[in-house]
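# A look at the structure
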Amino acid sequence: MKYFYFLILLFPFSSMIAQPNCEAYKYYGDTLKYEACKKAMGIKGHYQFSKEYQTVLDESIEIDPTFDYAYWAKSIAYLKSGDFVTWKKLIDKAVEYNPKEHLGYRGWCRFQFFRDYKGAIRDIEKLDSLVDYDIGQSQNGTYHLNIAKGLCYKAIGEKEKAIAILEKQIKLNEQENLFGANDYLHLGVLYLETEKFEKAIELFKKQSENNELAENQYYLALTYKKLDNLNEYKSCLEKAKELYVGGRKMSDPYSNPMDKIYLENIENEINTAYNNGYK
Amino acid sequence: MKKSFLTTILLLSIFWSCQTEKKVNEKEEYLRWVGDIEHNAQIDEIDFKVCNGDDKILQYFNLGEGPVYRGEKSKILNAFKSKYQPISGKNQNGLIRIRFIVNCKGKAGRFRVLQSDFDYQEKEFDKETVSQLLNITKGIENWEVFKRHEVPVDYYIYLIFKITDGQLTEILP
């Protein structure tokens, strides 16, 4: 059995960075951080955007201005409201005081919310250089951070490097019997864009087996079009439309994922198919 | 002499109390929620009204549907692609966020602009760049109506524009 680490469906409003263990600070003799931590736990029950939540964390920071968790927790509402200026100031503090805990998160958010590809690559690679363990998943659980890094390389035009990164991470995942929600699709699109059509088809078929999406059939259609297999081209477009209308499409609560398509894209392609006599 | 000493003490006390009050006020600067946009009669449209009161305005993602646009995002992309005229010049690089409220009828208002360079440091773009983006956004007449328990709600949403050398390279989310 394969395990699908598509945690976003289960925890769309949760955060994967663990709540700190305040007692650990006390055990190690850091009483200031212990007090700041105890204060910060007062956020429980308050919405991230609320003044009560923010005020508790301000008080925590007043107790210990190096308490990374409080900066991170404060930053979330600014991130989600698109206030990149305040978010960056806060998350930078969290990274400054605990880089191993927050670099991966900051890198992922740069990518997910602001399409800051180079910044995301810097953060993820920095994290990788600091630790000797697996750098783990994106905050929402959809991607391994290496996959996210690969997608960023693709976005800045380094497609062969992106392919190598995705191939490597997917291989590692498969050894653990894991697969990412969209990994095969993204690698398939990369193969399509670099004209490795047979490999692209292989990947899209794997994606179909694990998590069928309108996007997957759409890009599979484009691949068949390149190979002049017009029956499959049209058939895949019809499947893409059916999936899309049925809600089987890429989605994210906060952003539009890379390689996402819209109904208009499918319908335009179907019109092209008909106008060119592909019946 | 004694009088002037007392006056000085009194002035210092007043000064000190103002400083203290300011500090307390800083803590209380938060509105109900981070990013709440209060009505400003100087800049906001007279005819724009929220339906359920300011204290019930949600965030676009509170309803679990993600960023949804009437006519899908492609309609938004097409609007900017067809109308935005790049302004060349130095320093036209970075991010511009336009945040606003969509009311229960799908109408938008209370637009606010945030600008930064690619290092997330606040800056100001050419006024023409900003006004174009603002006007095109305001020109989108209908936004998606979100409902909670079958009741149409008011919600905050934003568009972020990535600008490189004056060119609009991406629109988020």
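The residue count restarts for each chain, going from 1 along the sequence in the order it is written. Here chains are named by letter from A upward and ligands by number from 1 upward, in the order in which they appear as written. Given that the model is predicted, a residue must reach a pLDDT of at least 70 before its local features are reported, and side-chain atom pairs must reach 80 or more before they are shown or counted; all residues, however, enter totals for whole chains, interfaces and linings.

## Remarks on the nonpolar core
Residues and elements named next belong to chain A. Quick reminder of the rule: In these notes, a nonpolar core means any group of buried Ala, Val, Leu, Ile, Met, Phe, Trp, Tyr and Cys residues linked to one another through C-beta atoms within 7 Å. Burial is judged by counting other C-beta atoms within 10 Å of a residue's own C-beta: 20 or more means buried, 12 or fewer means exposed, and anything between counts as partly exposed, with every C-beta placed from the backbone. Strands are runs of DSSP state E lasting at least 2 residues, helices are runs of H or I lasting at least 4, and numbering of each runs from the N terminus. Here, residue contact means that the backbone-derived C-beta atoms of the two residues sit within 7 Å.
Formed by 107 residues in total, the largest nonpolar core has its most connected members in Ala40, Ala70, Ala148 and Ala221. If you tally residues by element for this core, the top one is helix H4 (residues 68-80), at nine residues. Excluding anything up to four places from it in sequence, Ala148 contacts Trp108, Phe111, Ala120, Ile124, Ser138 and Tyr143.

## Some details on the pairing of strand S7 (residues 167-172) of chain B
All names here are of chain B. Under the convention used in this document: Paired strands are those between which DSSP finds at least two bridges.
Two elements, strand S6 (residues 155-164) and S7, share five bridges in a ladder whose sense is antiparallel. Within S7, the position partnered with Ile160 by the bridge is Leu172. Connecting S6 to the next strand, S7, in antiparallel fashion are two residues, including Asp165 with a positive phi near 50°.

## With respect to unusual backbone geometry
Residues and elements named next belong to chain B. Residue Pro173 is bonded to the preceding Leu172 through a cis peptide linkage, with omega at 0°. Position of Pro173 relative to the elements: it lies in the segment after S7. At His149, a position not held by glycine, the phi torsion is positive, near 50°. Relative to the helices and strands, His149 is located in the loop between strand S4 (147-148) and strand S5 (151-152). C-beta crowding within 10 Å serves as the criterion here: with 5 such atoms nearby, His149 is assigned to the exposed category. The phi dihedral of Glu150 is positive, around 70°, even though this residue is not glycine.

## So, helix H2 (residues 31-40) of chain A
Buried within H2(A) are the following residues: Lys33(A), Tyr34(A), Ala36(A), Cys37(A), Lys39(A) and Ala40(A). Of the surrounding elements, those touching the buried residues of H2(A) are helix H1 (22-27), helix H3 (51-63) and H4 of chain A.

## A short note on the confidence of the model for chain B
Residues and elements named next belong to chain B. Under the convention used in this document: Per residue, pLDDT measures the predictor's confidence, with a range of 0 to 100.
Of all residues in chain B, 84% attain a pLDDT of 70 or more, and the chain-wide mean is 86. Confidence drops under pLDDT 50 across residues 5-26; counting only partners more than four residues distant or on other chains, this segment forms zero contacts. The complex prediction reports pTM at 0.89, with the ipTM value standing at 0.90.

## Description of the domain arrangement of chain A
Keep this limit in mind: Bear in mind that the domain bounds are from an automatic or database domain assignment.
By the assigned domains, chain A splits into domain 1 (3-146) and domain 2 (196-275). On a C-alpha basis, the centroid separation for the pair domain 1 of chain A and domain 2 of chain A is 35 Å.

## What to know about the packing of helix H7 (residues 117-130) of chain A against helix H8 (residues 145-155) of chain A
Residue and element names in this part refer to chain A. What counts is decided by this rule: To get an axis, fit a line to the C-alpha atoms, keeping to the stretch in contact for a helix; angles then go from 0 to 180 degrees between the N-to-C directions. The sense of a crossing depends on the near helix, which, turned anticlockwise from the far helix by less than a right angle, makes the crossing left-handed and, turned clockwise, makes it right-handed. For this scheme, ten residues count as nonpolar: Ala, Val, Leu, Ile, Met, Phe, Trp, Tyr, Cys and Pro. Four count as charged, namely Asp, Glu, Lys and Arg, and the remainder, Gly too, count as polar.
Interhelical geometry of H7 versus H8 gives an angle of 145° and a closest axis separation of 9 Å. In this structure, the crossing between H7 and H8 has a hand that is left-handed. Across from Tyr117, Ala120, Ile121 and Ile124 in H7, the residues of H8 making contact are Leu145, Ala148, Lys149, Cys152, Tyr153 and Ala155. Split into classes, the residues belonging to the contact of H7 with H8 amount to nine nonpolar, no polar and one charged.

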